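Report on the structure
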Amino acid sequence: MPTIAEAFGLRGPRFASPGDCRVVDAVERGLDDLEGRLDAHVRVADPVADAATRYLLEAGGKRARPLLLLLAAHLGSGIDDEVLSAAELVEITHLASLYHDDVMDEADTRRGVPSAHTVWGNSVAILAGDLLFARAGQIAAPLGSEVAELQARTFERLCLGQLHETLGPGDADPVDHYLQVLSDKTGSLIAAAAELGVVVSGADPAHRAALREFGERIGVAFQLVDDVIDLSADPETGKDQGNDVRAGVATLPVLLLARRDDDASAALLARLREPADDADLAAAVAELAQHPVVDDTVAEAERWQREALQALASLPSGTVRRALEAFAEHVVSRTR
């Protein structure tokens, strides 16, 4: 099984120089250390609460946000105890948000296992998320007011993104509304991770805006690619084909389908929204997976990816910048 760094394209000929290897090796050691710290810091004295808060951590995860933070830290002094604490803060905040998201979205699975609310019920799942948010706040406090404020602003955006998703677009354009929800629910925390790497490593503050913009943009691209992967029949995704679409989630392919004015697209949209039976829904999802709106979604992800890469123009050339570029390339290449 590839390491996290390998999975995001940070090994191979592109990163073969001694300087590159030192940075990537340090990031991988940091990620290994992070696992032990997470295991210790999500523990809760109450046995039921402990089982619930550890549940999604033990199910695995990409650790993409800590990876970005540890890379960004090499624009400054590199990885130390404070940088690892900031990486914990980001990943625990992410874990907490998943518990709440799954309750709100009525998701049945997460990371290949039954979602927490299907195991313990909504109340326990929500409280487990709250406990993790509290633990993240405890980690943020010793890192200083700047870090605590950034974490609080990000938490606010996570909540607003979920709220706006729940309320729907209203009079706004549904696609614009959806992209803003993605910016808040996904982009904000990835942006915070990249920016925190600058803050806690003592890097040049001028890099903060570039890393924040990069994280926000690549976060949206990441989620748009997930919309495409949702329509895959690949069993390695750990989900049924069209899991989100079946649950009634208006992903970008569905929203783009609703924009089209041809009869075939209108008929497909109607079947997705009100299928005759389960077999009809499965057939409609398979048809959507072959529809041109999927290519349109990939093109939109690529647009956000390009804007993310453009944000890196002000960073110094070297391992960190190339690693961030490789990360961005990996995000979109997952559709291929």
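Notes on the structure in this doc start here. Model, not experiment: these values are computed from the prediction. (Residues numbered from 1 in each chain as written. Predicted model: local features only at pLDDT ≥ 70, side-chain atom pairs only at ≥ 80, totals over all residues. Heavy atoms only, no water.)

With that out of the way, let us pick up the packing of aromatic side chains. When we look at a pair of aromatic rings, we describe it by the centre distance and by the angle of the planes. Applying the stated criterion to the full structure yields 2 aromatic pairs. Ring centres 4.8 Å apart and planes at 10° place the aromatic pair Phe 8 and Phe 327 in the stacked group. Of this pair, Phe 8 sits in the loop between α1 (4-7) and α2 (18-41) while Phe 327 sits in helix α16 (residues 319-333), and the two are 319 residues apart along the sequence. Across the pair, exposure class does not vary: Phe 8 and Phe 327 are buried alike. Judged by centre distance (4.2 Å) and plane angle (25°), the rings of Phe 133 and Phe 155 are stacked. (Phe/Tyr/Trp six-rings, centres within 6.5 Å; stacked < 30°, edge-to-face > 60°. Helix = DSSP H or I, 4+ residues; strand = E, 2+ residues; numbered from the N terminus. Buried < 20%, exposed > 50% of the residue type's maximum accessible area, 1.4 Å probe, protein only.)

What follows covers the environment of Val 332. Looking at the element boundaries, Val 332 is found in helix α16. Leaving out residues up to four positions away in the same chain, Val 332 has contacts with Val 225, Ala 301, Glu 302 and Gln 305. (Contact = heavy atoms within 4.5 Å.)

Here we take up helix α8 (residues 145-167). Over its 23 residues, α8 extends 33 Å from the first C-alpha to the last, a length consistent with the 33 Å expected when each residue adds 1.5 Å. Those residues of α8 not exposed but buried are Val 147, Leu 150, Gln 151, Thr 154, Leu 158, Gly 161 and Gln 162. Contact partners of the buried residues in α8: α5 (81-105), α7 (122-140) and α9 (174-201). Of the residues one or two after α8, Gly 168 is the one with positive phi, at around 85°. (Expected span 1.5 Å × (residues − 1).)

Turning to a nonpolar patch on the surface, a few remarks are in order. A surface patch of nonpolar side chains, amounting to about 280 Å² of accessible area, comprises Leu 160, Leu 163 and Leu 167. Among the structural elements, Leu 167 can be located in helix α8. Take Leu 167: its relative accessible area is 63%, and that puts it in the exposed class. (Patch = residues over 30% accessible without salt bridge, like charges linked within 9 Å, V, L, I, M, F, W, Y side chains within 5 Å. Areas by Shrake-Rupley, 256 points an atom, 1.4 Å probe, with all protein chains shown as cover. Salt bridge = Lys/Arg side-chain N within 4 Å of Asp/Glu carboxyl O.)

The next subject is the packing of helix α12 (residues 252-259) against helix α13 (residues 263-273). Two measures define how a pair of helices packs: the angle their axes make with one another and the distance between the axes. Packing of α12 against α13 leaves a shortest axis separation of 8 Å and a crossing angle of 135°. On the basis of the axis angle, α12 is oblique to α13. For the pair α12 and α13, the crossing hand works out as left-handed. Mapping the contact onto sequence places Val 254, Leu 257 and Ala 258 in α12 and Ser 265, Leu 268, Leu 269, Leu 272 and Arg 273 in α13. Counted by class, the contact of α12 with α13 contains 6 nonpolar, 1 polar and 1 charged residues. (Axes fitted to C-alpha atoms, helices over the stretch in contact; angles between N-to-C directions. Parallel < 35°, antiparallel > 145°, perpendicular 65-115°, else oblique. Left-handed = near helix turned anticlockwise from the far one by under 90°. Nonpolar A, V, L, I, M, F, W, Y, C, P; charged D, E, K, R; others polar.)

Next up on the list: the packing of α5 against α7. Running from N to C, α5 and α7 point in directions that differ by 160°, and their axes come no closer than 8 Å. Put simply, α5 runs roughly antiparallel to α7. Note that α5 runs across α7; the crossing there is left-handed. Of the residues in α7, those touching α5 at Ser 85, Glu 88, Leu 89, Ile 92, Thr 93, Leu 95, Ala 96, Ser 97, Tyr 99, His 100 and Val 103 are Asn 122, Ala 125, Ile 126, Ala 128, Gly 129, Asp 130, Leu 132, Phe 133, Ala 136, Ile 139 and Ala 140. For the contact of α5 with α7, a count of residues per class yields 14 nonpolar, 6 polar and 2 charged.

Next up on the list: unusual backbone geometry. Glycine aside, the phi torsion of most residues is negative, and most peptide linkages are trans. At Arg 63, a position not held by glycine, the phi torsion is positive, near 60°. Here Arg 63 lies in the loop between α3 (47-58) and α4 (64-73). Residue Arg 63 is classed as buried on the basis of its relative accessible area of 4%.

This part is about the side chain of Asp 230. As for its placement among the helices and strands, Asp 230 is situated in helix α10 (residues 207-230). You can call Asp 230 buried: its relative accessible area is 5%. Looking at Asp 230, its side chain comes within polar contact range of the main-chain nitrogen of Asp 244, at 2.9 Å. (Polar contact = N/O pair within 3.5 Å; in protein donor to acceptor, adjacent residues only side chain to side chain.)

One side chain can pair with another of opposite charge once the charged atoms of both are near each other. One pass over the structure, following the stated rule, counts 28 salt bridges. Residue Glu 28 pairs with Arg 11 through a salt bridge whose shortest N-O separation is 2.8 Å. In this pair, Glu 28 is assigned in helix α2 and Arg 11 in the loop between α1 and α2, connecting sequence segments 17 residues apart. For the salt bridge of Arg 212 with Glu 195, the shortest nitrogen-to-oxygen distance reads 2.9 Å. Residue Arg 212 is located in helix α10, and its partner Glu 195 is located in helix α9; the two are separated by 17 residues in the primary sequence. By relative accessible area, Arg 212 is classed as partly exposed at 37%. We classify Glu 195 as buried; its relative accessible area is 1%. When salt bridges that share partners are traced, they join Glu 213, Arg 217, Glu 300, Arg 303 and Glu 307 into one network.

With that settled, the discussion passes to the environment of Ser 183. With respect to the helices, strands and loops of the structure, Ser 183 is situated in helix α9. For the pair Ser 183 and Ala 221, spaced 38 residues apart in the sequence, the C-alpha separation amounts to 9.6 Å. Residues within four places of Ser 183 in sequence aside, it is in contact with Arg 157, Ser 188, Glu 216, Val 220 and Trp 304.

Keep in mind that these numbers describe shape and distance, not what the molecule does.
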